[in-house]
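Listed here are the chains, written in short residue letters.
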Amino acid sequence: MTDRTAVETTSLDAWTRAKAGVAKGADLRTARAGLEAWQLARLRRTVALAAQRSLVYRARLGAGAADRVGSLADLQTLPFTTPADLRDNPLGLVCCSQDDVGRIVTLDSSGTTGAPKRVFFTEDDQ
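Just so you know, these numbers come straight off a predicted model, no measurement behind them.

Participant: Teacher, can you tell me more about a negative patch on the surface here?
Facilitator: On the surface, a cluster of negative charge is made up of D99, D100, E123, D124 and D125. Here D124 is to be found in the segment after β2 (117-122). A relative accessible area of 78% places D124 in the exposed class.

Participant: So what exactly am I meant to see when it comes to helix α1 (residues 11-20) here?
Facilitator: Two to three positions downstream of the cap, the backbone nitrogen of L12 sits 3.2 Å from a side-chain oxygen, assigning the N-cap of α1 to T10. Positive backbone phi, approximately 75°, marks G21, located one or two places after α1.

Participant: Just checking my understanding: could you explain the nonpolar core for this structure?
Facilitator: For soluble globular proteins, the rule of thumb is that nonpolar side chains tend to be buried together. Among the nonpolar cores identified, the biggest contains 13 residues, and L43, V47, Y57, L61, A65, V69 and L78 are the most heavily contacted of them. Elements represented by at least two residues in this core include exactly α2 (28-53) and α3 (55-61). In terms of residue count, the dominant contributor to this core is α2 (5 residues). Those residues in contact with Y57 that sit more than four places away from it in its chain are A50, A51, G62, P79, T81 and L93.

Scoring rules and cut-offs
- Residues numbered from 1 in each chain as written.
- Predicted model: local features only at pLDDT ≥ 70, side-chain atom pairs only at ≥ 80, totals over all residues.
- Heavy atoms only, no water.
- Patch = residues over 30% accessible without salt bridge, like charges linked within 9 Å, V, L, I, M, F, W, Y side chains within 5 Å.
- Areas by Shrake-Rupley, 256 points an atom, 1.4 Å probe, with all protein chains shown as cover.
- Salt bridge = Lys/Arg side-chain N within 4 Å of Asp/Glu carboxyl O.
- Lys, Arg positive; Asp, Glu negative; His and termini not counted.
- Charge placed at Lys NZ, Arg CZ, Asp CG, Glu CD.
- Helix = DSSP H or I, 4+ residues; strand = E, 2+ residues; numbered from the N terminus.
- Buried < 20%, exposed > 50% of the residue type's maximum accessible area, 1.4 Å probe, protein only.
- Polar contact = N/O pair within 3.5 Å; in protein donor to acceptor, adjacent residues only side chain to side chain.
- Core = buried A, V, L, I, M, F, W, Y, C linked by side-chain atoms within 4.5 Å.
- Contact = heavy atoms within 4.5 Å.

No statement about biological role is implied by the geometric values presented.
The structure is reproduced here in structure tokens:
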């Protein structure tokens, strides 16, 4: 890797850099390390929140799940959310009070007669 400065090609790049706390004009190595550190911290926070507040993920992840995520590569060890999860137990995936749900999206299955899937969003999610 060279010491070239990280290039922002879209406004999303600038937004991501700012959210991750990467200094404008940082070299590529520094920018990448900062972004990955931010992503890992956010992943660990999300895993901890899911294990604490979601009935489904509490059962799947168990206690101390966030502590077992030590690198971004550990993302592959986390369980997937399947279409069946969304269809069979959508409220078991919710990590907030139902009072905080600002929108519910119902997705019909294409080409099947199965039950629709429901996804819940807070105002902040939107």
